[in-house]
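An overview of the molecular structure
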Amino acid sequence: MSTALRIEDLTVHYDHFTALDKVSLEIQQHTTLGLVGESGSGKSTLARVIAGLISPVQGQVLLGSQNLGKKRSREQHKKIQMIFQNPDSSFNPKHTIRQILAEALLFHQIVDRSHVDRRCKELLASVRMDESALGRYPHEFSGGQRQRIAIARALSVEPSILIADEPTSALDVSVQLSILELFNKLKSELNLTMLFISHDLGVIHAISDNVAVMRQGRLVEVNTKEQFFTRPSTAYSRELLSAVPKMPTSQLSGGFL
Amino acid sequence: MKSTLLDLPLQPDDQRKSTFQTILSTPSLVAGGIMLVLLIGLAVLAPVISPYQPSEQNLYAFLKPPSAEHWLGTDQLGRDVFSRLIYAARSDLKIMVLAEIIPFCTGVFLGMLAGYYGKWVDSVISLVTDTFIAFPFYLIVIIVAFASGAGQRGIYITFILVGWIVFARVTRGLSASFRKQEWIASAQTLGLSGVRIILRHLLPNVLPQAVVVLMTDMVGLLVAIVTLGYLGIGIAPPTPDWGTMIADGQSFITTAWWLSAVPGFAVVYTGIALSLTGDGLADLWRRK
Amino acid sequence: MSASPILEVEELSLAAGSKTLVSGVGFSLDRGESLGLVGESGSGKSLTLRAILGLLPRGVEQVGGTIKSEVRAAMIFQDPRKSLDPLCPVVRQVEEVVYYRQQVSRKAARTIALELLEMLGLPDSLKQTDRYPSQLSGGQCQRIVIAIALACKPGILLCDEPTTALDVTVQQQILATITRLQQELDFAMVFVTHNLAIAATLCSKLCVMKQGSIVEHGDALSLLQHPQHPYTQMLIDSVLPLPELEGSASV
């Protein structure tokens, strides 16, 4: 297995606040790294640095063997795509779904103009959306549907790394489950490499192969999923895990675990 | 895992309101639109409609009250007030629209630049807007009008200098708030350039609000044009203009009140038409 | 206890214009009891809670049913920062409520306010230097909000997703605090949440709501064990399981 993405010593300051403090991390090809942390831990900042939206004060982002500098080329941009938390604001409200998907496809020359429509329909089908969605505007969809469209847009340019920043946090639990199922399906079908950020440990457990924990801008623990959820190596991880509200298990031992 | 697809179904196509239906359900837009169409119709068709030439004098029939022959009476030189009124609408409205084009475009563009890029770009643009705002508008107008000679040129120059500021301020605020939203971030993640994001993504989103501001701003501009005409440093005679008409009628206010009242009413009418349209558009876009 | 319930909601219906938002919702609550209203967005759970408090949003009206309550109700909202006055120091905010609701002197109000803060486990430093909401963490703000609610001496505490905006560790502390206070002060509680696990640990009775009506209600444990309605089953299935933490008994 080879390393898909490596970050070294990333540091980011906001005024006098250190959002990221010398964070180093690796993501292996075709695996999903779940990144957990409480609010203000710097996990979203990390995602934005990797996606090239924020430039770090110090440190490097290495995609395979390429160093991604301050100014990224079109090709480098294409390789890292991101899905955001808030489905209400992740699309230009004045563009139809067709325009949204076509812009990505044409800008990165994934298909030529005559095949755009067919490709858009395929993309929607891959996230289990009907092709009648194409002519509509984002506000006509529910949160879960928008998040599916966001996934379709991110995958449309065939990125080598997909970052998902709390993609299910704004959704109802049942919708969350269906989006997680979709992620798992796409993961195995497309051999995705993902950085999946969430504050919800249940979500991280459902999607990740490895888990990284952040706290106050630092990386606290990186571990395999099995290790992390049963034998976390730091006291903070243990504290997080034991704080998750649990169903009263004694009565439910049959169906649940 | 079981498949759970509980997302709401899409609204069927026939339940989506057409643009025309939504316009009809906005009364202020309908009213403003009708008033504007009427006004513009009169102005455009002035040469066809007007019963007399606007500067055609008839010293035998001066200061006549409204009658079948002269719908709105005649002035002190026996010129037909109705003909002058619609010819004045032609020149006043033309200047109003022309003088807004350049400031509107520059203002919207600079505002988007400032809001999108922030940092020093924003500092520079904001510094300029704040400086201009510190000067009273009419002071600048009068200075420029005197410097460039009275007439339309003064209005155009003044407006190119200061007219863009309102638009820049509005679009700057909007762009800055859109910039924090995730759809801009996802456009950046795609690798789109700043200019492309501004023109393809920001522009359609700030334009509605800017157009609403344009409507109210035109009212202000019209009042400025009329005021300058009234003060004698606006549109130069013999081109008919509501401001000069008000000023000319002033001496006869007790005997021939319609001379000043009619062009005054025309200004108010235009103001209401533009404001209603602006309100209606704002309403329409907010509901969408 | 066979005393009459302190809160009875019968056939409650709420509507905005011609659109029915809540229909035929009913439940009753005894002293010291806690009821969980569980459901997803649009289920009408928050509206029901607001109807009990008499604080319906503009445009929403009660079109049917009755709400009978003999005691005062107080409410805790989802976002603690938005429910505090940002320009008033927090201890003063608690004090004001005590002063007006308990009709005591200013001095007594301050003493009671400070007692409340202590009860909620807020730092002692607040006694010397009062702080603004922006200077406190989300969890501390929520504690202040709870103190304000308790200052009304409520017979019923209405909680509208009080921990959704908080981190898990903070959530755990706040939930523990609410449980402890309920035991000490014996108020009844209606707890609105989308999180079945929280509802199940906190409440003895549960009502599952969907699109404005209660689809299933009953004793919390038996409801989770033997859900009758497919929607309840679906909600239970949506709770993402976590493996057992080794050695968790010691924590």
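None of these values were measured; they are calculated from a predicted model.

**Regarding the UniProt feature "domain: ABC transporter" (unreviewed entry) in chain C**
The feature "domain: ABC transporter" (unreviewed entry), as given by UniProt, occupies residues 7–236 of chain C in the numbering adopted here. Between the C-alpha atoms that bound residues 7–236 of chain C the distance is 28 Å, and the span itself is 40% helix and 28% strand.

**Overview of the pattern of salt bridges**
Pairs can form between side chains of opposite charge whenever their charged atoms are close. Taken as a whole and judged by the stated rule, the model has 25 salt bridges over all chains. Between B:Asp122 and B:Arg172 there is a salt bridge, and its shortest N-O distance comes to 2.6 Å. Note that B:Asp122 is positioned in helix α5 (residues 119–134) and B:Arg172 in helix α8 (residues 164–179), a separation of 50 residues in sequence. On the basis of relative accessible area, B:Asp122 is assigned to the buried category, the value being 15%. Residue classification places B:Arg172 among the partly exposed positions, given a relative accessible area of 32%. A salt bridge links C:Asp79 to C:Lys82; the shortest N-O distance between them is 3.8 Å. The exposed category is assigned to C:Lys82, whose relative accessible area is 72%.

**Some words on the packing of aromatic side chains**
The tally for this structure, following the rule as stated, stands at eight aromatic pairs over all chains. Ring centres 5.0 Å apart and planes at 85° place the aromatic pair A:Phe228 and A:Phe229 in the edge-to-face group. Judged by its relative accessible area of 1%, A:Phe229 falls in the buried class. With a centroid separation of 5.1 Å and 80° between ring planes, the pair formed by C:Tyr99 and C:Tyr100 is classed as edge-to-face. According to the relative accessible area criterion, C:Tyr100 is exposed, its value standing at 52%. Note that A:Arg74 overlies the ring of A:Phe107, its terminal NZ or CZ placed 3.9 Å from the centroid. One residue, C:Arg106, lies across the ring of C:Tyr99, its end atom 3.8 Å from the ring centre.

**Digging into the confidence of the model for chain A**
Detailed reading of the predicted coordinates is not advisable wherever pLDDT is low. Averaged over all residues, the pLDDT of chain A equals 89, while 96% of them reach at least 70. Note on residues 251–257 of chain A: pLDDT is under 50 here. Beyond four places in sequence and across chains, it has nine contacts.

**Some points on the interface of chain A and chain C**
Each partner contributes residues to the interface: chain A has 33 residues there, and chain C has 33 residues. Ranking the residues of chain A by area buried against chain C places A:Val173, A:Pro245 and A:Met247 at the top, with a combined share of 18%. For the pair chain A and chain C, the interface holds zero salt bridges. Where chain A packs against chain C, one counts seven residue pairs in polar contact (both at pLDDT 80 or more). Broken down by secondary-structure element, the contributors of at least two residues to the side of chain A that touches chain C are α6 (173–190), α7 (201–207), α8 (225–230), α9 (235–243) and α10 (249–252) of chain A. The class makeup of the residues in the side of chain A that touches chain C is 19 nonpolar, eight polar and six charged.

**Examining the interface of chain A and chain B**
Accessible area lost on assembly of the parts is the figure often given for the size of an interface. At the interface, 40 residues of chain A touch 29 residues of chain B. For the chain A and chain B pair, buried surface summed over both sides reaches about 3100 Å², with 53% attributable to carbon and sulfur atoms. Interface area lost by chain A to chain B is led by A:Glu103, A:Phe107 and A:Arg136, which between them contribute 19%. Put simply, chain A and chain B have two salt bridges between them. Residues B:Arg200 and A:Glu103 are paired through a salt bridge, measuring 3.1 Å at the closest nitrogen-oxygen approach. On inspection of chain A and its partner chain B, the count reaches 12 residue pairs in polar contact (both at pLDDT 80 or more). Of all the secondary-structure elements, those providing two or more residues to the side of chain A that touches chain B are β6 (80–83), α3 (97–107), α5 (143–156) and α6 of chain A. When residues in the side of chain A that touches chain B are grouped by element, the largest group, six residues, is from α6(A). A breakdown of the residues in the side of chain A that touches chain B according to their chemical character gives 14 nonpolar, 17 polar and nine charged.

**Remarks on helix α2 (residues 90–102) of chain C**
Residues and elements named next belong to chain C. Here α2 is 13 residues long and its end C-alpha atoms lie 18 Å apart, about the 18 Å a rise of 1.5 Å per residue gives. Residues of α2 that are buried: Val-90, Val-91, Gln-93, Val-94, Glu-95, Val-97, Val-98 and Gln-102. In this structure, the buried side of α2 is in contact with α3 (106–119), α4 (125–128) and α5 (138–151). Phi for Gln-103, located one or two positions after α2, is positive at around 55°.

**Regarding the domain arrangement of chain C**
Residues and elements named next belong to chain C. Assigned domains within chain C: domain 1 (1–72 + 156–240) and domain 2 (81–153). Computed over C-alpha atoms, the centres of domain 1 and domain 2 are 26 Å apart. The interface is formed by 14 residues belonging to domain 1 together with 12 residues belonging to domain 2. Both faces considered, domain 1 and domain 2 share a buried interface measuring about 1100 Å² in area, 65% of it formed by carbon and sulfur atoms. The largest share of the area that domain 1 buries against domain 2 comes from Arg-72, Ile-174 and Leu-181, three residues that together contribute 43% of it. Where domain 1 packs against domain 2, one counts zero salt bridges.

**Observations concerning the sheet that holds strand β6 (residues 156–160) of chain C**
Within a sheet, neighbouring strands are paired by backbone hydrogen bonds and run either parallel or antiparallel to one another. Residue and element names in this part refer to chain C. What the six strands build is an open sheet, ordered β5-β6-β7-β3-β8-β9; its pairing is mixed. Edge positions in the sheet fall to β5 (73–76) and β9 (213–219), since each of these pairs with one other strand and no more. Strand-to-strand, the axes of this sheet are offset by a mean angle of 15°, without reference to chain direction. Of the strand pairs in this sheet, strand β8 (residues 205–210) and β9 are connected by six bridges, and their pairing is antiparallel. Pairing of Met-209 across the sheet is with Ile-214, part of β9. The strands that α5 touches are β5 and β6; relative to β5, the one it contacts most, it runs at about 170°. Each of β3 (34–38), β8 and β9 is contacted by helix α9 (residues 230–238), which is oriented at about 100° to β8, the strand it contacts most.

**Here we look at the state of the cysteines**
Should the sulfur atoms of two cysteines be covalently bonded, the bond is a disulfide. On inspection of all chains with the given rule, the structure shows zero disulfides over all chains. Of the cysteine sulfurs around C:Cys159, a residue in no disulfide, the closest is that of C:Cys203, at 8.5 Å.

**With respect to the UniProt feature "domain: ABC transporter" (unreviewed entry) in chain A**
When the UniProt feature table is mapped onto this chain numbering, "domain: ABC transporter" (unreviewed entry) sits at residues 5–241 of chain A. Within the segment residues 5–241 of chain A, helix and strand shares are 37% and 27% respectively, and the terminal C-alpha atoms sit 27 Å apart.

**Observations concerning the side chain of A:Thr11**
Assignment of secondary structure puts A:Thr11 in strand β1 (residues 3–14). Filtering out sequence-adjacent residues up to four positions away, A:Thr11 remains in contact with A:Leu20, A:Asp21, A:Lys22, A:Pro56, A:Val57 and A:Gln58.

Definitions and limits used
Residues numbered from 1 in each chain as written. Chains lettered and ligands numbered in written order. Predicted model: local features only at pLDDT ≥ 70, side-chain atom pairs only at ≥ 80, totals over all residues. Heavy atoms only, no water. UniProt positions renumbered as here; feature names shortened; annotations may be inferred. Helix = DSSP H or I, 4+ residues; strand = E, 2+ residues; numbered from the N terminus. Salt bridge = Lys/Arg side-chain N within 4 Å of Asp/Glu carboxyl O. Buried < 20%, exposed > 50% of the residue type's maximum accessible area, 1.4 Å probe, protein only. Phe/Tyr/Trp six-rings, centres within 6.5 Å; stacked < 30°, edge-to-face > 60°. Lys NZ or Arg CZ within 6 Å of the ring centre and 35° of its normal. pLDDT = per-residue confidence, 0-100. Contact = heavy atoms within 4.5 Å. Buried area = accessible area lost by both parts, 1.4 Å probe. Polar contact = N/O pair within 3.5 Å; in protein donor to acceptor, adjacent residues only side chain to side chain. Nonpolar A, V, L, I, M, F, W, Y, C, P; charged D, E, K, R; others polar. Expected span 1.5 Å × (residues − 1). Domains from an automatic or database assignment. Pairing = 2+ DSSP bridges. Axes fitted to C-alpha atoms, helices over the stretch in contact; angles between N-to-C directions. Disulfide = S-S within 2.5 Å.

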